[in-house]
Amino acid sequence: MPIMYNTGDWFTLQPNTYRKFDLHTPDWPIDLDLEYMKVVCAPYGGPIAVTRDPQQIVPIKGTAKPVIRIFDTAGQELSKIWWNHGKLISMGWSDMEELICVQDDALVFIYDIFGQEKESYSMGQEASLTKVLDAKIFQSSTGTGVAVMTTNGRIFLKHNNTKDFRSRLLPEMPKSSAECTCWELVTEDRNSYCLLGRDREIIKLFPGESLGSITRNLIDKSFERILLIAVSYDHQNLALYTNTGILWMGSVDMKEKYCEFDTGRKDIPKQIEWIMNADKTGSDAVVIAYTSFLLVVNRNGDKNLFTYDNAIYLVSEMDGVRILTHNSHEMVQKLPKCVQNIFAINSQEPSSFLFEAQKKFQEKSYRADEYLSLCRDRVDAAVDECIEAAGYEFCTTTQKSLMRTSYFGKGFIASHNPDKHVQMLRILRVLNTLRHPRIAMPLTIKQFQHLKPEVILARLVFRKHYAIAIQIAKHLKLPESWILEHWAFHKVMNDKNDNEVARKITEKFKNPSIEGISFCNIAEKAYAAGRDELAIKLLELEPRAFLQIPLLLKLGKYDRAVQSATQSGDTELVASILIEIKKKMMLTNFHMIIREYPMALNIYKKIMNEWSRTALYDIYNTEDDHKSIAEYHFKNALESDSLESNLPIIANSYTQGRRNVEAELCSDTNKLMKLQKALTNKYTSIYGNIPFYRLSVHSTIEKLLELGEMKEAEKVKNDFKVPERRFWWLRIISLSNKYKWDDLEKFSKSKKSPIGYEPFVEVCLKQNNLTEARKYILKCREDRKSYWYIRAGLYDEAADTAYDQKDFNTLYMLQQKANTTSNRQLLEKINTYIAVLASKK
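The chain appears in an unreviewed UniProt entry as Vacuolar protein sorting-associated protein 16 homolog from Glossina fuscipes. Turning to the chain, the UniProt record has this under Function (unreviewed entry): "Plays a role in vesicle-mediated protein trafficking to lysosomal compartments including the endocytic membrane transport and autophagic pathways. Believed to act as a core component of the putative HOPS and CORVET endosomal tethering complexes."

Written as structure tokens, this is what we have:
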């Protein structure tokens with residue numbers, strides 16, 4: 001394969017092949033020289049923090065005050081932190097791209113990439129008193145952790161992502177006169193422990209144990225002390241480096257040794273990092289950074305050497321190691337199998353033949369068919385391998401060639417599913433955008449898949465690359481609303497023109513395809529920034545009332561809150577805000593607001609009717625609602641059994657409210673109650689306990705008639721204008737109940753009955769008195785006599801009356817009844833009447 005496909009950067013450490021390829025070279029500022037700096041790089045193409053190394057003697061340019069400078073991988077300065085605290089011991093990056101700084105008094109400061117201090121905490125009083133000698137920032141399953149070593153050799157641990165603010169003290173080291181030369185943190189499941197190098201031994205400090213354990217005789221070759229410890233990215237492999245240049249490689253539990261390699265060097269390396277395989281199956285090699293050259297050694301003891309002119313800094317990644325110098329930015333990784341299959345010399349893999357076939361096809365050479373015939377039976381696997389290999393490449397030319405090969409090969413596959421091809425094209429476009437110097441996030445495809453697009457978008461948004469983030473979200477078909485919200489937050493915090501901010505936000509958010517936008521979230525930010533007018537303008541854009549109202553209440557815009565709630569039509573929402581507003585306002589002002597909104601007013605009245613009658617009276621009084629005031633007094637009077645004394649007040653309220661009918665009824669009720677009181681007092685002494693209180697006018701007359709007090713009953717009738725018809729009904733019922741038939745007859749003859757004589761028949765029949773009933777049936781209307789004779793069971797008289805009235809219907813009904821009762825005499829009589837009447841037609 002030609003050099004253009006980057007095979008020139010491959011090197012072999014038997015039995016594996018590795019490659020070292022260029023990333024974008026940083027364009028550092030002129031005043032920055034990494035050789036004299038402490039450099040801390042965040043993984044996943046994250047930011048780089050640099051500060052002057054106090055252990056090196058260099059001429060000071062400018063101020064002597066320590067400065068931490070933060071750059072992206074393209075060398076663009078993001079921020080500066082002027083260190084105004086104590087002595088800085090160590091720095092490191094969290095998994096959230098936060099810079100963690102530890103100083104000698106055990107205080108830990110956390111900054112974002114723009115140099116803003118987010119929080120600080122202490123590693124504990126004991127660590128603070130004994131002072132910190134060294135510190136490590138490490139990654140674990142529970143997030144980023146901080147470990148400090150004090151001057152008395154104690155180790156304190158703390159995980160930033162846990163809710164426990166206390167640091168943990170690891171076991172004490174076994175006593176010895178020797179000093180620790182190196183130490184490293186290891187994460188195993190959910191536990192983090194420490195490995196320390198002391199002379200020829202390794203000490204393990206595991207949480208919960210009383211004393212650290214010692215491992216000796218790991219290295220067979222002669223040496224005096226261990227200088228460096230390196231743990232692989234997955235915390236499964238361990239590398240030890242001695243003062244005699246011996247490199248020991250093995251498992252992290254030190255039970256398995258891979259190899260001992262003599263580097264032949266006497267100088268101390270600056271760093272050792274393990275190269276993780278791209279498929280995350282483990283680590284087979286380490287990278288050792290010396291002052292001016294790089295040594296790569298695998299577990300079989302095979303090596304490769306690279307020379308550099310500048311200081312070298314290594315960044316451990318999940319699928320390789322990044323190499324940062326003043327003039328270069330590179331990556332070493334184990335060569336992915338799919339890339340090796342395609343581009344290796346004399347490769348016999350189908351993907352390699354397909355790649356060559358596509359190249360010959362472009363050259364219009366007949367040999368394209370020859371290469372294609374070598375892989376035709378496995379062209380589907382070759383296409384998939386080309387797609388996979390394209391993801392591992394940083395060179396856009398190589399990416400295009402591989403994707404073009406994939407496109408060429410899928411034409412020879414029946415019913416090929418193009419989803420993989422399309423998805424890889426989308427991912428490559430995103431990766432190439434992220435790798436551009438303007439964005440400076442040189443992610444590999446494995447890192448992209450591990451972080452997830454949502455995390456990458458969040459990092460872009462935090463860096464204020466809003467336009468790129470939105471385009472990537474659209475490209476990957478992810479929600480973009482939250483990105484626009486962050487952009488709006490940025491506008492709110494930095495643009496001081498309220499009208500301009502509201503206009504820009506409205507324009508950006510008016511796209512109907514964008515869902516999930518909440519103007520209230522942005523308005524909340526504006527309120528927090530003290531920009532109340534902007535917050536109100538933004539709230540007016542929010543269509544959902546239940547989101548508007550909480551902030552309107554915070555702003556004190558109670559009138560708008562009530563208006564918004566009533567317009568929504570949500571009664572529960574209206575009720576909740578009314579209760580909230582009532583707590584915060586003077587009652588008169590509250591009443592002035594809600595009286596403008598009938599729905600809110602009615603809901604408030606309903607609430608107060610259940611909770612507080614006094615408050616209900618206040619709102620009636622404010623509105624001059626005399627009808628409701630009267631009803632309020634009336635209800636209270638009934639419940640407190642004080643109706644009589646309150647009736648004048650109730651009547652007065654009805655009169656003020658121009659409710660004359662109700663006022664007159666109150667007066668009549670008051671008059672009736674006084675009368676009933678007098679009657680009770682009068683007749684209790686005569687008849688015993690006779691209660692008249694709370695009886696209606698009807699019942700009062702009925703009670704008087706029952707007592708035989710006719711004159712008093714008539715007086716009540718006249719005073720309260722009881723209709724004559726009702727009084728006659730009451731009179732005849734009273735007489736019939738007492739069986740005073742003579743008095744009833746005399747009463748019927750006293751004058752013409754206003755209710756007719758059927759009620760007389762009714763009461764007589766009720767008391768089963770047919771004799772008296774006959775008297776009054778004769779006085780009924782002719783057309784009703786037959787009905788009452790039948791009701792009385794006088795069927796002969798009914799038949800005679802029906803015959804006289806020529807009422808066939810009644811005769812037929814009587815005929816049927818006679819058949820039912822087997823009354824022959826009546827049946828013959830009715831048949832005769834029917835025949836006679838039928839003959840006269």
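A.B. asks: How should I be thinking about the overall build of the chain in this particular structure?
C.D. replies: On a plain count of helices and strands, the chain comes out with 33 helices and 29 strands. Going through the 841 residues of the chain one by one, you find that 51% of them count as buried. In the chain, 48% of the contacts between residues at least 6 apart in sequence involve partners at least 24 apart. With the model as given, the accessible surface of the chain reaches about 42,200 Å², and the carbon-plus-sulfur share is 49%.

A.B. asks: Would you mind going over the side chain of S347 with me for this structure?
C.D. replies: Mapped onto the fold, S347 is located in the loop between α2 (337-343) and α3 (350-362). What makes S347 buried here is its relative accessible area of 12%. What S347 contacts, discounting residues up to four positions off in sequence, is N341, S352 and F353.

A.B. asks: Honestly, a negative patch on the surface in this entry has me stumped. Any pointers?
C.D. replies: Taken together, the side chains of E188, D189, D253 and E256 make up a negatively charged region of the molecular surface. For D253, the position within the fold is in the loop between β21 (246-251) and β22 (257-262).

A.B. asks: Would you mind going over the sheet that holds strand β20 (residues 237-242) with me for this structure?
C.D. replies: For sheets, the rule is that strands pair by backbone hydrogen bonds, running either parallel or antiparallel. The strand order across the open sheet formed by four strands is β19-β20-β21-β22, and the pairing between neighbours is antiparallel. In this open sheet, the two edge strands, each paired with only one partner strand, are β19 (226-231) and β22. Along the sheet, successive strands turn relative to each other by an average axial angle of 15°, direction set aside. Bridge count for β20 against β21 is five bridges, and the pairing is antiparallel. If you follow A239 over to β21, its bridge partner there is M249.

A.B. asks: Where do I start with the pattern of salt bridges in this structure?
C.D. replies: If the charged atoms of two oppositely charged side chains come close together, the side chains can form a pair. Taken as a whole and judged by the stated rule, the model has 32 salt bridges. A salt bridge links K257 to E260, with the nearest nitrogen and oxygen atoms 3.1 Å apart. Given the relative accessible area of 37%, K257 is considered partly exposed. On the basis of relative accessibility, which here comes to 17%, the residue E260 falls in the buried class. Look at the salt bridges and you will find they share partners, linking E745, K749, E772 and K775 into a network.

A.B. asks: Please explain the sheet that holds strand β11 (residues 132-140) as it appears in this structure.
C.D. replies: An order of β11-β12-β13-β14 is seen for the four strands of this open sheet, with the pairing classed as antiparallel. Where the open sheet ends on each side, the last strands, each with one partner, are β11 and β14 (168-169). Here strand β13 (residues 155-159) runs beside β14; their pairing, made up of two bridges, is antiparallel. Counterpart to F156 in the pairing with β14 is L169.

A.B. asks: Whenever I open this one, the packing of α3 against helix α5 (residues 379-392) confuses me. Can you help?
C.D. replies: The description of two helices packed together rests on the angle between their axes and the distance between the axes. At a minimum axis separation of 8 Å, α3 and α5 run at an interaxial angle of 80°. One element, α3, and the other, α5, form an angle in the roughly perpendicular class. In contact with P350, S351 and L354 of α3, α5 contributes V379, A382, V383, E385 and C386. Classifying every residue of the contact of α3 with α5 gives six nonpolar, one polar and one charged.

A.B. asks: Please explain the side chain of T144 as it appears in this structure.
C.D. replies: Mapped onto the elements of the fold, T144 is located in strand β12 (residues 143-150). Given the relative accessible area of 1%, T144 is considered buried. Looking at T144, its side chain comes within polar contact range of the main-chain nitrogen of D95, at 2.8 Å. At 3.0 Å, the side chain of T144 and the side chain of Q139 are in polar contact.

The rules behind the values
- Residues numbered from 1 in each chain as written.
- Predicted model: local features only at pLDDT ≥ 70, side-chain atom pairs only at ≥ 80, totals over all residues.
- Heavy atoms only, no water.
- UniProt positions renumbered as here; feature names shortened; annotations may be inferred.
- Helix = DSSP H or I, 4+ residues; strand = E, 2+ residues; numbered from the N terminus.
- Buried < 20%, exposed > 50% of the residue type's maximum accessible area, 1.4 Å probe, protein only.
- Contact = heavy atoms within 4.5 Å.
- Areas by Shrake-Rupley, 256 points an atom, 1.4 Å probe, with all protein chains shown as cover.
- Patch = residues over 30% accessible without salt bridge, like charges linked within 9 Å, V, L, I, M, F, W, Y side chains within 5 Å.
- Salt bridge = Lys/Arg side-chain N within 4 Å of Asp/Glu carboxyl O.
- Lys, Arg positive; Asp, Glu negative; His and termini not counted.
- Charge placed at Lys NZ, Arg CZ, Asp CG, Glu CD.
- Pairing = 2+ DSSP bridges.
- Axes fitted to C-alpha atoms, helices over the stretch in contact; angles between N-to-C directions.
- Parallel < 35°, antiparallel > 145°, perpendicular 65-115°, else oblique.
- Nonpolar A, V, L, I, M, F, W, Y, C, P; charged D, E, K, R; others polar.
- Polar contact = N/O pair within 3.5 Å; in protein donor to acceptor, adjacent residues only side chain to side chain.

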